[in-house]
Amino acid sequence: MTVPPIDPFHALSISKLAHELAAQGRSIIHMEFGQPSTGAPKAALERAQHVLATDPMGYWESQALRDRIARHYHETYDVSVQPAQVILTCGASPALVLALLASFVPGARVAMARPGYVAYRNVVRTLHMEPVEIPCGEKERFQLTASAIRALEPAPDGLILASPANPTGTILSADEMQAIVAVCRERGICIISDEIYHGLSFGERAHSILEYDPHALVVNSFSKYFSMAPWRLGWLVVPPEKAEIAHARMGNLFLPPAALSQHAALVAFDGRDELDGHIETYRRNRDLLLQALPQMGLNHIAPPDGAFYIYADIRHLTDDSMAFCKRLLMDTGVTTAPGIDFDPVDGKFFIRFSFAVNTALIEEAIRRMVPWFQEQAARTHKCNALQY
């Protein structure tokens with residue numbers, strides 16, 4: 001068996017170039033990653049400082065944190081999760097690996113939306129499984145549908161679901177999620193739900209898959225809503241019948257996550273007022289960008305219901321999103337993510353904006369980008385006219 005090839009994360013090379021330009025004195029606005037510009041909640045920082053001063057720490061999985069996460073599912077979604085079903089991980093990425101390893105064997109076929117987070121298809125491939133990408137366009141708000149899953153022949157072994165989704169921020173309605181669960185139950189498809197952006201909604205809250213399917217697996221993290229990305233702490237919820245398998249793989253592959261992060265995360269649950277204030281910042285950023293996009297000639301998007309992304313169609317300007325993002329960065333200092341990270345087929349026509357930065361930076365980015373996009377459109381129109 002050969003080592004499966006996987007695609008690079010192209011936004012990383014864009015970011016590397018941005019940091020090189022910043023080192024040369026350029027003013028750079030980072031909108032390439034889904035990384036909150038805010039830090040961990042104040043109470044979490046205070047707890048971490050106390051633990052650093054008083055506890056030598058070691059390998060450890062906090063039972064209190066597992067208990068608190070289980071209680072979170074009862075409080076937020078009115079579902080019952082036992083602490084033994086919660087596995088603490090070093091971020092959401094190991095949680096995704098564990099979910100796949102606990103559910104499938106090499107050769108399994110795992111379906112997912114296209115566009116979707118770059119790691120889905122690459123992790124599936126790395127584990128010698130087969131990604132089955134379902135094209136989802138503007139008509140479907142770039143989201144999976146029950147009808148699309150029903151149409152797959154043969155039925156895949158698994159499905160990765162994301163709501164709010166990356167790169168679009170779209171949220172599945174309760175009715176559509178229930179319909180997806182019904183199709184998957186009928187066809188014997190195991191669901192893994194990536195709920196890392198839960199808590200970041202601008203209207204109706206996102207529903208957890210556990211409200212409709214107690215046998216699904218849930219990936220989540222403290223990186224997004226809790227604003228603790230550098231702390232590298234996430235979790236996986238597994239059904240009781242998979243708990244032993246998943247815990248064994250966690251211990252052998254990754255060991256427990258950092259003890260300091262677990263101490264801080266436990267009290268982060270008590271910082272809701274502070275964390276909900278971040279959502280209002282994202283809402284303001286989202287509104288500013290949505291107002292500016294028509295001025296930039298970007299009229300084909302799915303307005304984000306949650307997370308902090310806008311996925312925009314730029315096919316009227318380019319068929320090379322990677323080169324386009326580099327040119328945008330070089331000319332304006334604004335860093336974005338090329339669509340090819342999220343869609344290997346049509347991503348060449350899209351870019352993703354992250355509005356997780358502070359509002360002043362969003363305002364400055366808009367000031368730089370509006371005339372630049374208008375100039376690109378004028379040049380494209382002129383070139384097209386010269387061809388006739």
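Residues numbered from 1 in each chain as written. Predicted model: local features only at pLDDT ≥ 70, side-chain atom pairs only at ≥ 80, totals over all residues. Heavy atoms only, no water.

Novice: Whenever I open this one, the sheet that holds strand S7 (residues 217–221) confuses me. Can you help?
Specialist: Sheets are built from strands that pair by backbone hydrogen bonding, the pairs being arranged parallel or antiparallel. Reading across the sheet, the 7 strands line up as S2-S8-S7-S6-S5-S3-S4 and stay open at both edges, with mixed pairing between neighbours. Looking along the sheet, the strands with just one partner apiece sit at the ends: strand S2 (86–89) and strand S4 (130–135). Taking each pair of neighbouring strands and ignoring which way they run, the sheet shows an average axis angle of 20 degrees. The sheet contact formed by strand S5 (residues 158–162) and strand S6 (residues 190–194) spans 5 bridges and is parallel. Note that in S6 the partner of isoleucine 160 across the bridge is isoleucine 192. Helix-sheet contacts for helix H4 (residues 92–103) involve S2, strand S3 (109–114), S5, S6, S7 and strand S8 (234–237), and the interaxial angle to S7 is about 170 degrees. (Pairing = 2+ DSSP bridges. Helix = DSSP H or I, 4+ residues; strand = E, 2+ residues; numbered from the N terminus. Axes fitted to C-alpha atoms, helices over the stretch in contact; angles between N-to-C directions. Contact = heavy atoms within 4.5 Å.)

Novice: Looking at this model, I keep getting lost on the sheet that holds strand S9 (residues 309–313). Mind explaining?
Specialist: Pairing in this open sheet of 3 strands is antiparallel, and the strands run S9-S12-S11 from one edge to the other. In this open sheet, the two edge strands, each paired with only one partner strand, are S9 and strand S11 (337–338). Relative to strand S12 (residues 350–354), S11 runs antiparallel, the two being bridged by 2 bridges. From the neighbouring strand, proline 338 faces S12, where its bridge partner is isoleucine 351.

Novice: It is not clear to me how the packing of aromatic side chains should be interpreted in this structure. Could you clarify?
Specialist: By the definition in use, this model includes 21 aromatic pairs. Ring centres 6.3 Å apart and planes at 65 degrees place the aromatic pair phenylalanine 9 and phenylalanine 33 in the edge-to-face group. Highlighted residues: phenylalanine 9 in the segment before helix H1 (10–23) and phenylalanine 33 in the loop between strand S1 (29–30) and helix H2 (42–54), separated in sequence by 24 residues. Above the face of the phenylalanine 349 ring, arginine 315 is positioned so that its terminal group lies 4.5 Å from the ring centre. (Phe/Tyr/Trp six-rings, centres within 6.5 Å; stacked < 30°, edge-to-face > 60°. Lys NZ or Arg CZ within 6 Å of the ring centre and 35° of its normal.)

Novice: It is not clear to me how the packing of H4 against helix H5 (residues 118–126) should be interpreted in this structure. Could you clarify?
Specialist: A packed helix pair is summarised by two numbers, namely the angle formed by the two axes and the spacing between the axes. The interhelical angle for the contact between H4 and H5, taken along N-to-C directions, is 45 degrees, at an axis separation of 11 Å. It follows from the interaxial angle that H4 and H5 lie oblique. Crossing of H4 over H5 shows right-handed handedness. Between H4 and H5, the contacting residues are Leu96, Val97 and Leu100 on the first element and Ala119, Tyr120, Val123 and Val124 on the second. (Parallel < 35°, antiparallel > 145°, perpendicular 65-115°, else oblique. Left-handed = near helix turned anticlockwise from the far one by under 90°.)

Novice: What is the right way to read the pattern of salt bridges from this model?
Specialist: A side chain with one charge may pair with a side chain of the opposite charge, provided their charged atoms come close. By the definition in use, this model includes 19 salt bridges. The closest approach of N and O atoms between lysine 16 and glutamate 20, which form a salt bridge, is 2.7 Å. Taken together, the residues span about one helical turn, with lysine 16 and glutamate 20 both in helix H1 at a distance of 4 residues. Glutamate 75 is the salt-bridge partner of arginine 68, the closest N and O atoms lying 3.5 Å from each other. Accessibility expressed as a relative area gives 44% for glutamate 75, which makes it partly exposed. Through salt bridges with shared partners, a single ionic network connects Asp7, Arg121 and Glu133. (Salt bridge = Lys/Arg side-chain N within 4 Å of Asp/Glu carboxyl O. Buried < 20%, exposed > 50% of the residue type's maximum accessible area, 1.4 Å probe, protein only.)

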